[in-house]
Amino acid sequence: MTKPQFNRFKKEFTAWQNRLGLAEYTVAFRLAKLENEWATCEASPEGCICTITVSSAHKWSTQEVTTAAIHE
């Protein structure tokens, strides 16, 4: 994933977070090598904290960036 793609992912994710009324969550984004996943989401409802990890190993298309951001 390129830096512009990572920024696009974060922007798309944040837009959906706001649309779904989840603005109370603090979100941290990480770019890391994931072997068998494109992205993961670890959330703590008690603390309203969420960590999104996006795979740097996958060759991302523009559509995949958008789809993965919406999914997470």
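Residues numbered from 1 in each chain as written. Predicted model: local features only at pLDDT ≥ 70, side-chain atom pairs only at ≥ 80, totals over all residues. Heavy atoms only, no water.

Engineer: So what's going on with the packing of aromatic side chains? Residues and values would help.
Structural biologist: Aromatic ring pairs are reported here in terms of the distance separating the ring centres and the angle at which the planes meet. Per the stated rule, a full pass over the model turns up three aromatic pairs. Relative to Phe 29, the ring of Phe 9 has its centre 6.4 Å away and its plane inclined at 85°; by these criteria the two rings are edge-to-face. Pair noted here: Phe 9 is in helix α1 (residues 3-19) and Phe 29 is in strand β1 (residues 26-32), with a separation of 20 residues, a long-range link. For Phe 9, a relative accessible area of 0% gives the class buried. Seen in terms of ring centroids, Trp 38 and Trp 60 are 5.6 Å apart; in terms of plane orientation they differ by 65°. Their pairing is edge-to-face. (Phe/Tyr/Trp six-rings, centres within 6.5 Å; stacked < 30°, edge-to-face > 60°. Helix = DSSP H or I, 4+ residues; strand = E, 2+ residues; numbered from the N terminus. Buried < 20%, exposed > 50% of the residue type's maximum accessible area, 1.4 Å probe, protein only.)

Engineer: An account of the pairing of strand β2 (residues 39-44) is needed here, citing residue identities and associated values.
Structural biologist: As judged from the six bridges shared by β2 and strand β3 (residues 49-55), these two strands associate in the antiparallel manner. Each residue of the ladder has a partner; that of Ser 44, found in β3, is Ile 49. Linking two consecutive strands that pair antiparallel, namely β2 and β3, is a turn of four residues; a positive phi of about 55° is found at Cys 48 within it. (Pairing = 2+ DSSP bridges.)

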